[in-house]
Every structure is written in C-alpha cells, then in structure tokens.
Amino acid sequence: MTKKAKKQNQSLKIPKIILVVGQFLSFISTKLTVQFAARLFTTPIKHKTPKRELEMDQNSRQEILNIPALKKKIVVYHYGSGEKKILLVHGWSGRGTQLVKFAEAFQALGFTTVSFDAPAHGKSPGNTTIMTEFVASILEINKQFGPFEAAVGHSLGGMSLLNAVNDGLQIKRLTIIGSGDVVKDIINDFTQKLKLHPKISDLLQVHFEAKSNRTMDSYSSYQAAKSITIPVLVIHDENDSEVPVRCAHHIHQHLQHGELMITQHLGHRKILGDTSVIQKTTQLTTA
C-alpha cells in the first residue's frame, strides 16, 4: 500500500475517543447508544476550503437563502454569467465549491452554476442535518433560482438529487458521482465503523423512520431511480473505499435511461477533478 493510500485510509478511521464513548454507552443504555449514534450520523465535519476552491469562492456571487420547510438558512453560490443554469450538489461534509472543476468547465461553455452549502455544511449555520434537508434545500433553490438545465451531484448529493427529481425537480439531465444507494446499508456501515452491535443499526433505522414518517428504504437511490425518466449518467470509481461500486451498478439497473461510467484508481474524491469525468458530464449535459 502506498503512503497516499495509507493516509486516505487513516482519514476514514473513527477517532478512538468516539469508539470508547460508544462502547461505554452500549454497556449502560441502548437508548443512549442510539441517541449518541444518531447525533454522530447527522453531524457533518466542516473542512477548511482548499486552495483549489478559493477562486470560485472569491469570484462567485453568494447569498443567504431561507429554507421555509426547514426553518434553516443556507449559503448559495452563483458562478458564471450564462442564462442557462446547472445545479451542483456536494456530498456529506462537503461544500458548495467542492465541484469547482465542473463549475469551471460549465462556465467555459457559457453556463452559470448554482451550488450551495447544505445545512450545517461550509458557511451555512447549524450543527446537524440529514439527507431530507439536502432535498428540501434543492427544491427551494429550484423554486428561487431555477429552472435548471441539468444537475450534478456527488455522493450524498447524488442521492439527494435522485430523490429531488422523484419529488418533482424538473431538469433535463442528471449526473451522479460516487453516490450511495441503499440507506440501510449506509446505516449498517456506519454502526460497524463505530463497532456497535448490529441491533443498534436496526434501532437507528427505527429512530429515523419515526421522525420522518417514511421508511428509510423509500429514500434509497435505486427506489428513486425506478420512476426517473430523464437521462442519468452514473459515474463511480472501482476503487472507491467509501461507497462501494456495486451501488452504481444497482442504481443503473433501475434507471429507464441510464448510462454507466466506471473509473479506476480515483477513489471517492479525486474523481471530482478527473478530466474524463468532467468531459463526459459536460458532453451529456450539452448534448
């Protein structure tokens, strides 16, 4: 394993103190353990904006948008001056400037991109959020700044866009990159990383379903994909260590007009800067 690969794997490890607290709570109270896990599951990490995104951050028009359905505010980025617009949606613990290479490519083609810091992400206020809030933000942005020609989403952003289209977002084309699929699989993976008993995963699902009054599986990507009729490009890396490539294959199987692009050795985030990925996405969007 290369030093770079080791560093990436280390960055995915859960801090030891969190594992210790989780184990401690599991001996004391199942209820407290579920509450602890739910809090962690809904708390993103805010990362410092890297240098490669600073130009977009400095040159974009930014504004604060109220999301009435959530009673929360988010920061929205407008990049470019073209009349036709593309919506960009980042993933968990990402930022509105994270898809900067796509924004630059679309700007060069005469489009304006609109992106945002999801609740509790980037410059947007708050500490916790969940995918349903990503979807609500997308629908409100479409209401305020749409219509959009197409949309591009990474990871949870891709899942959110699939659900948003299923909930009425009107776009002509969609690209999802490194997107997760079955929500229960995501919860299972999360509790496994916390080294908690499998029953906590089941109870965590019950916890979230009680709050949303919907089954978690109804938010799964493959479920949303079944009713989507627009062309969807599904891009995923074979070596993605955070979201397994099987997710892309399963989503693609349920799309009516899907196209699959599998890359190699780009992982979960490097893929966002790959020239072939960006070219394929812009070609599909402007076709």
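None of these values were measured; they are calculated from a predicted model.

*Asks:* What am I meant to see in the packing of aromatic side chains here?
*Replies:* Note on aromatic pairs: each is described by the distance of the centres and the angle between the planes. Within this structure, the stated rule accounts for 3 aromatic pairs. For the pair Phe41 and Phe208, a centre-to-centre distance of 5.4 Å together with 45° between the ring planes defines the contact as tilted. Of this pair, Phe41 sits in helix α3 (residues 30-41) while Phe208 is found in helix α9 (residues 198-212), placing the two residues 167 residues apart along the sequence. Summarising the burial analysis for this pair, Phe41 and Phe208 share the class buried.

*Asks:* I keep staring at unusual backbone geometry and nothing clicks. Help me out?
*Replies:* Most of the time, phi is negative for any residue but glycine, and the peptide bond is trans. Cis geometry is adopted by the peptide bond preceding Pro147, which originates at Gly146 and carries an omega value of 5°. With respect to the element layout, Pro147 can be found in the loop between α6 (131-145) and β5 (150-154). If you check the backbone angles, His265 has positive phi at about 60° while not being a glycine. Along the polypeptide, His265 turns up in the loop between β8 (258-263) and α12 (275-286). The exposed category is assigned to His265, whose relative accessible area is 66%.

*Asks:* I would appreciate a short explanation of the packing of α6 against helix α7 (residues 156-166) in the present structure.
*Replies:* Any two packed helices are characterised by the angle at which their axes cross and by the distance between the axes. Put simply, α6 and α7 touch, their axes get as near as 9 Å, and they point 60° apart. By the angle class used here, α6 and α7 are oblique. Where α6 crosses over α7, the handedness of that crossing is right-handed. Contacts from Met131, Phe134, Val135, Ile138 and Leu139 of α6 reach α7 at Leu156, Met159, Ser160, Leu161, Asn163 and Ala164. Of the residues assigned to the contact of α6 with α7, the class counts are 9 nonpolar, 2 polar and no charged.

*Asks:* Honestly, the sheet that holds β5 in this entry has me stumped. Any pointers?
*Replies:* Hydrogen bonds along the backbone pair up the strands of a sheet, which may run parallel or antiparallel. With mixed pairing, 8 strands are arranged side by side in an open sheet as β1-β2-β4-β3-β5-β6-β7-β8. At either margin of the open sheet sits one strand with a lone partner, and together these are β1 (61-67) and β8. Neighbour-to-neighbour, the strand axes of this sheet turn through a mean angle of 20°, independent of strand direction. The pairing of β5 with strand β6 (residues 173-177) spans 5 bridges and is parallel. The residue bridging Ala150 from the neighbouring strand is Arg173, located in β6. Running over the sheet, helix α11 (residues 246-253) touches β6, β7 (232-237) and β8 and is turned about 165° from β8.

Each value, and the rule that gives it
Residues numbered from 1 in each chain as written. Predicted model: local features only at pLDDT ≥ 70, side-chain atom pairs only at ≥ 80, totals over all residues. Heavy atoms only, no water. Phe/Tyr/Trp six-rings, centres within 6.5 Å; stacked < 30°, edge-to-face > 60°. Helix = DSSP H or I, 4+ residues; strand = E, 2+ residues; numbered from the N terminus. Buried < 20%, exposed > 50% of the residue type's maximum accessible area, 1.4 Å probe, protein only. Axes fitted to C-alpha atoms, helices over the stretch in contact; angles between N-to-C directions. Parallel < 35°, antiparallel > 145°, perpendicular 65-115°, else oblique. Left-handed = near helix turned anticlockwise from the far one by under 90°. Contact = heavy atoms within 4.5 Å. Nonpolar A, V, L, I, M, F, W, Y, C, P; charged D, E, K, R; others polar. Pairing = 2+ DSSP bridges.

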